[in-house]
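# Descriptive structure summary
Listed here are the chains, written in short residue letters.
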Amino acid sequence: MSESGQPPSQGTQAQPGNGQNKRPREVGGGILMGRIFGVPVYVAPSWFLVAALITWVFGGQLDEVLPELGNIRYLVSLFFAVAFYASVLIHELAHTVAALRFGLPVRRIQLQFFGGVSEIEKESETPGREFVLAFVGPLLSLVLAGVFYGGMQLVEPGTVPGVLLAGLMISNLIVAVFNLLPGLPLDGGRMLRAVVWKITGKPMSGTVAAAWTGRALAIAVLGLPLLTYDSTADSSGFDSLTDALLAAILAAIIWTGAGNSLRMARLRERLPALQARALTRRAVPVSSDTPLSEALRRANEAGARALVVVDGQGDPTAVVREAAIVGIPEHRRPWVAVSGLAQDLKPGMRVSTELAGEDLLDILRATPSTEYLVVEPTGEIYGVLSTADVEKAFLAAMARPQA
């Protein structure tokens, strides 16, 4: 699950293109396969590697069970790989539907190496909702395992449909059990977080407990091939090396996910420090035809660091861009009017002084700009908020030593 809390310049996602000869892509998202419930579904490039690996491994197993298939077994194996990831997609859709029901925005669903992820942009408001949101995924995987088991009873064992249904039943059961392990970033970790949150009343305590449990789980996964290795068994060293490699990759994913969950939780604790009122630069109002040199003189006298263009009635119409001011040489400033350096105020560029934390970041992400007009709840001009100042405060919060 993704966490929110990106700086304004990084929070907007690249929009998918409309090329006719290739599928649209999003930066870091992969290949856009479509939208379900309005949520884009992406397939990461790593999925193709895993699909090839599943096709190869399952094809080898089919050769032992159904040797008469010949090379067609790889086509059957490819169908199994696609069907398995369709089950993973259903698992993620369960999270997505629950999030949408709770009013939590979902950025995207991504199918990737070792499964999928639903990127939910906000945290649940209560531990109960957090528990439900995490539990519905493994629950639906268990339901799918039951459905495939029921299908096995309707077909002949030892046939292609029977083998496929058995494989899908077992794989969905594994997905459910694995995701129920109590460590972040797995669903079981989120359930553990919800339980500790409920007991202590502190979401951060739940995150710390679930994250460290996830790290312990990663170490256990890394050592699993050593515990299960049998030197007397008739198995190739290649198989052992493959198991160790897959365990190392899975352990790294769990360790990194647990660390990221802990980092983002600590960041969320610090986000309330990002307050529009505290980060706003004091501004002086000037008319559109005011020379830049005169506007800067007034700002210096007032101890202000920003300029707001107002009309004849004193209502703000634009914000003078700092980057544009820097680009004007001093000797030209008496001849340049501020109107030529200003950005007209668009819907979403008026920010309330009362905004803070994630609410502030959401507003800035919705309307990307370099400067915003900050106003009091009464509508009076308070000053100008620079995106650069918000990013500096954001990065400072991220860099602050952990307690």
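It should be emphasised that the depicted structure is a prediction, and the values quoted were computed from it without experimental measurement. (Residues numbered from 1 in each chain as written. Predicted model: local features only at pLDDT ≥ 70, side-chain atom pairs only at ≥ 80, totals over all residues. Heavy atoms only, no water.)

### A few points about the overall build of the protein chain
When you go through the protein chain residue by residue, the secondary structure sums to 13 helices and twelve strands. The 403 residues of the protein chain split such that 45% are buried. By sequence separation, contacts in the protein chain at least 24 residues apart represent 62% of the contacts at least 6 residues apart. Carbon and sulfur atoms make up 61% of the accessible area of the protein chain, which totals about 20800 Å². (Helix = DSSP H or I, 4+ residues; strand = E, 2+ residues; numbered from the N terminus. Buried < 20%, exposed > 50% of the residue type's maximum accessible area, 1.4 Å probe, protein only. Contact = heavy atoms within 4.5 Å. Areas by Shrake-Rupley, 256 points an atom, 1.4 Å probe, with all protein chains shown as cover.)

### As for the nonpolar core
Counting residues in each nonpolar core, the largest one holds 39 residues, and the members touching the most others are Ile54, Phe84, Tyr85 and Leu111. Elements with a contribution of two residues or more to this core: strand S3 (39-43), helix H2 (45-65), helix H3 (72-101), strand S4 (106-112), helix H4 (127-152) and helix H5 (160-179). Among the elements that line this core, the one with the most residues is H3, at twelve residues. Apart from the residues within four sequence positions on either side, tyrosine 85 is in contact with Trp47, Val50, Ile54, Leu111, Gln112, Phe113, Phe114 and Gly115. In terms of nonpolar packing, the next biggest core, distinct from the first, is built from 26 residues, Leu274, Ala306, Leu361 and Ala397 among them. (Core = buried A, V, L, I, M, F, W, Y, C linked by side-chain atoms within 4.5 Å.)

### Re the packing of aromatic side chains
Counted according to the given criterion, the structure contains five aromatic pairs. Arranged with centres 5.3 Å apart and planes meeting at 80 degrees, the rings of phenylalanine 84 and tyrosine 85 form a pair that is edge-to-face. Like phenylalanine 84, the residue tyrosine 85 is buried in the burial classification. Among the aromatic residues, ring-to-ring pairing joins Trp47, Phe48, Phe84 and Tyr85 into one connected group. Stacked on the ring of tryptophan 212, the Lys or Arg arginine 215 has its end atom at 4.5 Å from the ring centre. Stacked on the ring of tryptophan 255, the Lys or Arg arginine 215 has its end atom at 5.2 Å from the ring centre. (Phe/Tyr/Trp six-rings, centres within 6.5 Å; stacked < 30°, edge-to-face > 60°. Lys NZ or Arg CZ within 6 Å of the ring centre and 35° of its normal.)

### Some points on the pairing of S4
Among the seven residues in S4, six count as buried, and that is most of the element. Across three bridges, S3 lies against S4 in parallel orientation. Within S4, the residue paired with valine 41 across the bridge is isoleucine 109. Pairing geometry for S4 and strand S5 (residues 115-120), over six bridges, is antiparallel. The partner of glutamine 112 across the bridge, within S5, is glycine 115. Linkage of S4 to S5, two consecutive antiparallel strands, is achieved through a turn of two residues, within which phenylalanine 114 is found at a positive phi near 60 degrees. (Pairing = 2+ DSSP bridges.)

### Quick notes on the packing of H2 against H3
Geometrically, a packed helix pair is captured by the angle between its two axes and the distance between the axes. At a closest axis distance of 8 Å, the pairing of H2 and H3 adopts a crossing angle of 130 degrees. When the axes of H2 and H3 are compared, the pair comes out oblique. The chirality of how H2 crosses H3 is right-handed. Contacts from Trp47, Val50, Ala51, Ile54, Thr55, Trp56, Phe58, Gly59, Leu62 and Asp63 in H2 reach Arg73, Tyr74, Val76, Ser77, Leu78, Phe80, Ala81, Val82, Phe84 and Tyr85 in H3. Taken together, the residues that form the contact of H2 with H3 break down as 15 nonpolar, three polar and two charged. (Axes fitted to C-alpha atoms, helices over the stretch in contact; angles between N-to-C directions. Parallel < 35°, antiparallel > 145°, perpendicular 65-115°, else oblique. Left-handed = near helix turned anticlockwise from the far one by under 90°. Nonpolar A, V, L, I, M, F, W, Y, C, P; charged D, E, K, R; others polar.)

### Looking at H4
In this model H4 runs 38 Å from its N-terminal to its C-terminal C-alpha over 26 residues, within 8% of the 38 Å that 1.5 Å per residue would give. Along its length, H4 reaches its greatest deviation from straightness, about 30 degrees, at valine 136, and the proline proline 138 lies no more than four positions downstream. Along H4, the residues classified as buried are Pro127, Glu130, Leu133, Ala134, Val136, Gly137, Pro138, Ser141, Leu144, Ala145, Phe148 and Gly151. In this structure, the buried side of H4 is in contact with H3, S5, H5 and helix H6 (187-200). (Expected span 1.5 Å × (residues − 1). Bend = angle between axes of the 7 residues up to and from the residue.)

### Considering helix H10 (residues 292-302)
Looking at H10, one finds that the buried residues are Leu292, Ala295, Leu296 and Ala299. Buried residues of H10, seen end-on, are gathered within an arc of 95 degrees and therefore sit on one face of the element. Check the buried side of H10 and you find it contacts strand S6 (283-287), strand S7 (306-310) and helix H11 (322-326). Directly after H10, the chain includes glycine 303, whose backbone phi takes a positive value near 70 degrees. (Arc of directions from axis to C-beta.)

### So, a nonpolar patch on the surface
Residues Phe131, Phe135, Leu139, Leu142, Val143, Val147, Leu173, Val177, Leu180, Val195 and Ile199 make up a contiguous nonpolar surface patch of about 890 Å² in total accessible area. Residue assignment for the nonpolar patch shows that the elements contributing at least two residues are H4, H5 and H6. With six residues, H4 is the largest single contributor of residues to the nonpolar patch. As for its placement among the helices and strands, phenylalanine 135 is situated in helix H4. (Patch = residues over 30% accessible without salt bridge, like charges linked within 9 Å, V, L, I, M, F, W, Y side chains within 5 Å. Salt bridge = Lys/Arg side-chain N within 4 Å of Asp/Glu carboxyl O.)

### Examining the pattern of salt bridges
Oppositely charged side chains are able to pair whenever their charged atoms sit close together. As enumerated under the stated definition, the model contains 15 salt bridges in all. In this structure, arginine 277 and glutamate 354 form a salt bridge, with 2.9 Å as the shortest nitrogen-oxygen distance. Highlighted residues: arginine 277 in helix H9 (residues 276-279) and glutamate 354 in the loop between strand S10 (350-352) and helix H12 (357-366), separated in sequence by 77 residues. Take arginine 277: its relative accessible area is 32%, and that puts it in the partly exposed class. Exposure remark for glutamate 354: the relative accessible area of 52% places this residue in the exposed category. In this structure, glutamate 322 engages arginine 281 in a salt bridge whose closest nitrogen and oxygen atoms are separated by 3.1 Å.

Keep in mind these numbers describe shape, not what the thing actually does.
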